[in-house]
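# Chains, contacts and geometry: an overview
If you want the building blocks of each chain, they are given just below.
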Amino acid sequence: MVALVVRDYDEAIAWYRDTLGFELLEDTDRGGGKRWVRMAPAGNARFSLLLAEAATPVQAAVVGDQHGGRVGFFLHTDDFARDHARLAAAGAHFEEPPRHEDYGNVVVFRDLYGNRWDLIEPRACN
């Protein structure tokens, strides 16, 4: 599980569900405005993203730049063309056209807050 500081639980849930196709695994009220919200790529029980709503000015300041401008998240796919087209149709912001690298097909996109992600289809190892 990886924590991601977000501006608002509900807008983050909607974006990760509707744009990235993630599933909402858990949304538990923890009292005092806090919730335990976990999301994961559809059908992936090995990884989850914990959405943590910013509660202080320091936390709010890192929303969208938790990795200092670097790509901080990697979304693997087994069908690059399909998932690139789906993300584009859902309104994902791509920084570049897809690239074909020696390690696979990749494109950088930003989530609703500006965090940078790689959509990557690794090259098959022989």
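Worth saying up front: this structure is predicted, and the values here are computed from it rather than measured.

## Comments concerning helix H1 (residues 9–18)
What sets the pattern is the α-helix's 3.6 residues per turn: residues three or four places apart point alike. Looking only at H1, the buried set comprises Tyr9, Ala12, Ile13, Trp15 and Tyr16. Contact partners of the buried residues in H1: strand S1 (2–6), strand S2 (22–31), strand S3 (34–41), strand S4 (49–53), strand S8 (104–110) and strand S9 (116–122). The N-terminus of H1 is capped by Asp8, whose side-chain oxygen sits 3.0 Å from the backbone nitrogen of Asp10.

## Structural notes on the nonpolar core
Membership of the largest hydrophobic core comes to 26 residues, with the highest contact counts inside it found for Tyr16, Leu20, Phe22, Leu49, Leu51, Phe109 and Trp117. Of all elements in the fold, only S1, H1, S3, S4, strand S5 (71–76), helix H3 (80–89), S8 and S9 reach the threshold of two or more residues within this core. A total of five residues in this core trace back to one element, the largest contributor, which is H1. Both domain 1 (1–63) and domain 2 (67–125) contribute no fewer than three residues apiece to this core. Residue contacts for Phe109: discarding those within four places in its chain leaves Trp15, Leu20, Leu75, Leu87, His93, Phe94, Glu95, Asn115, Arg116, Trp117, Asp118 and Leu119.

## Details of the packing of aromatic side chains
Under the definition given, this model contains seven aromatic pairs. Centre to centre, the rings of Trp15 and Tyr16 are 5.1 Å apart; their planes meet at 85 degrees, and the pair counts as edge-to-face. For the pair Trp15 and Tyr16, a shared accessibility class is recorded, and that class is buried. Ring plane angle 40 degrees and centroid distance 5.9 Å describe the contact between Tyr16 and Phe22, whose orientation is recorded as tilted. Assigned by exposure class, Tyr16 and Phe22 land together as buried. Taken together, the ring pairs in this structure connect Trp15, Tyr16, Phe22, Phe73, Phe94, Phe109 and Trp117 into an aromatic cluster.

## Some remarks on the domain arrangement of the chain
Here the domain parsing of the chain yields domain 1 (1–63) and domain 2 (67–125). A straight line from the C-alpha centre of domain 1 to that of domain 2 covers 20 Å. Together, the buried faces of domain 1 and domain 2 total about 1200 Å²; carbon and sulfur atoms form 71% of this surface. Contact with domain 2 buries surface across domain 1, with Trp15, Thr19 and Leu20 losing the most and accounting together for 43% of the total. Summed over the shared surface of domain 1 and domain 2, the number is zero salt bridges. The tally of links between domain 1 and domain 2 comes to six residue pairs in polar contact (both at pLDDT 80 or more). Those elements that place two or more of their residues in the side of domain 1 that touches domain 2 are S1 and H1. With five residues, the top contributor of residues to the side of domain 1 that touches domain 2 is H1. Within the side of domain 1 that touches domain 2, the residues separate by chemical class into 11 nonpolar, two polar and four charged.

Criteria and thresholds
- Residues numbered from 1 in each chain as written.
- Predicted model: local features only at pLDDT ≥ 70, side-chain atom pairs only at ≥ 80, totals over all residues.
- Heavy atoms only, no water.
- Buried < 20%, exposed > 50% of the residue type's maximum accessible area, 1.4 Å probe, protein only.
- Helix = DSSP H or I, 4+ residues; strand = E, 2+ residues; numbered from the N terminus.
- Contact = heavy atoms within 4.5 Å.
- Polar contact = N/O pair within 3.5 Å; in protein donor to acceptor, adjacent residues only side chain to side chain.
- Core = buried A, V, L, I, M, F, W, Y, C linked by side-chain atoms within 4.5 Å.
- Domains from an automatic or database assignment.
- Phe/Tyr/Trp six-rings, centres within 6.5 Å; stacked < 30°, edge-to-face > 60°.
- Buried area = accessible area lost by both parts, 1.4 Å probe.
- Salt bridge = Lys/Arg side-chain N within 4 Å of Asp/Glu carboxyl O.
- Nonpolar A, V, L, I, M, F, W, Y, C, P; charged D, E, K, R; others polar.

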